[in-house]
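Listed here are the chains, written in short residue letters.
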Amino acid sequence: MKRQTSIIPPKPNGSLPLRVALVEDERNIRESWSRLIDSFPDFKCLCACSSGEEALKTVPTARPDVTLMDVLLPGISGIECTMRLKELLPDTQIIILTALDDDELIFRALEAGADGYLLKRTKPADMRTALLDVLHGGAPMTSAIARRVVQSFRRTSPNRQDALRLSPREEELLEFLSKGYSNKEIAEQTQLSFETVRSYLKHIYEKMHVRSRTEAAVRYLNSKSL
């Protein structure tokens, strides 16, 4: 019998528990991750979907703070699902989880709008840290994956004629972002409010035609080296 997906009504931003959606086709892993998320005192698993098709119907209604997305799903792939969910829920953070340490998957996931990328063997404590990190504007991923992402983007570095036209303030924020600062840390360094930083970065992403902070940071670094 197909497992019914229950949805907890969304709460206002900033309230606890923080809301998580899970998309994973393997039942044992899905149930294990769901229990793990619920074991964290500050998180709650709103829904656990077994496919991208189910996620596209369920996640927009649940409106989670974070979605954990398996990259290899039957039917619609995790990458395609990520792209569609980002269009519907641009403020929902999406972390890709996969057992495959693959350059092409990493590049495509971030290009689709993923906000972080972790391997399925990530320890529970590190998983919780990653959830908190992405909610504070970070881009959680292993150091090995981060290096590969940078190398991938450098291979597709923009031409000089595509160099970015940024205001001094945008340059300043991107400089902090490229050094790995979270939105909260950028706000503290620039004496701007957290929401103002988020608004600036959203505008920067639109100007740069990127979907994630990692892609924005690497493209900015590439433009500086031209």
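Since the model is a prediction, treat every value here as computed from it, not as a measurement. Along each chain, numbering runs from 1 in the same order as the chain's sequence is written. Since the coordinates come from a predicted model, pLDDT governs what is reported: local features require at least 70, and pairs of side-chain atoms require 80 or more to be given and counted, while whole-chain, interface and lining totals use all residues. Excluding hydrogens and water, the side-chain figures rest on all heavy atoms present in the structure.

Please clarify how unusual backbone geometry should be interpreted in this entry.
What is expected of a backbone is that most residues other than glycine have negative phi and most peptide bonds are trans. In the Ramachandran plot, arginine 63 falls in the positive-phi region, its phi being about 50° despite a non-glycine side chain. In this model, glutamine 191 sits at a positive phi of 60°, which is unusual for a non-glycine residue. In this description a helix means any DSSP run of H or I spanning at least four residues, a strand means any run of E spanning at least two, and both kinds are numbered starting from the N terminus. If you trace the backbone, glutamine 191 turns up in the loop between helix H8 (183-190) and helix H9 (194-208).

Is there a simple way to explain the layout of surface pockets in this structure?
Cavities and pockets were defined on a 1 Å grid built from protein atoms only: a cavity is a group of points that admits a 1.4 Å probe but offers it no way out, a pocket is an open group of points flanked by protein on both sides within 12 Å along at least five of seven lines, and a lining residue is one with an atom within 4 Å of any such point. Grid points are joined across faces, edges and corners, and a volume is the space filled by probe spheres set on the points. In this structure, the largest pocket encloses a volume near 1,200 Å³. When contributions to the lining of the largest pocket are tallied by element, the ones reaching two or more residues are strand E1 (18-23), helix H3 (78-88), helix H5 (124-135), H8 and H9. Counting residues per element, the lining of the largest pocket draws most heavily on H9, which supplies seven residues. Under the grouping applied here, Gly and all other residues not named as nonpolar or charged are polar, the nonpolar ones being Ala, Val, Leu, Ile, Met, Phe, Trp, Tyr, Cys and Pro and the charged ones Asp, Glu, Lys and Arg. Taken together, the residues of the lining of the largest pocket sort by class into 13 nonpolar, eight polar and 14 charged.

Help me understand the packing of helix H7 (residues 168-178) against H9 in this model?
If you want to describe how two helices pack, look at the angle between their axes and the distance between the axes. Relative to each other, H7 and H9 sit at 95°, their axes nearing to 11 Å. Relative to H9, the element H7 lies roughly perpendicular. Across the interface between the two elements, Arg169, Glu170, Leu173, Leu174 and Leu177 of H7 pack against Tyr200, Leu201, His203, Ile204, Tyr205, Lys207 and Met208 of H9. Residue composition of the contact of H7 with H9, by class: eight nonpolar, one polar and three charged. What counts as an axis is a line fitted to C-alpha atoms, over the stretch in contact for a helix, and the angles between N-to-C directions run from 0 to 180 degrees. Each angle gets one of four labels, with under 35 degrees taken as roughly parallel, over 145 as roughly antiparallel, 65 to 115 as roughly perpendicular, and the rest as oblique. Residues count as neighbours in contact if any of their non-hydrogen atoms are within 4.5 Å of one another.

Purely geometric stuff here, so don't read any function into it on its own.
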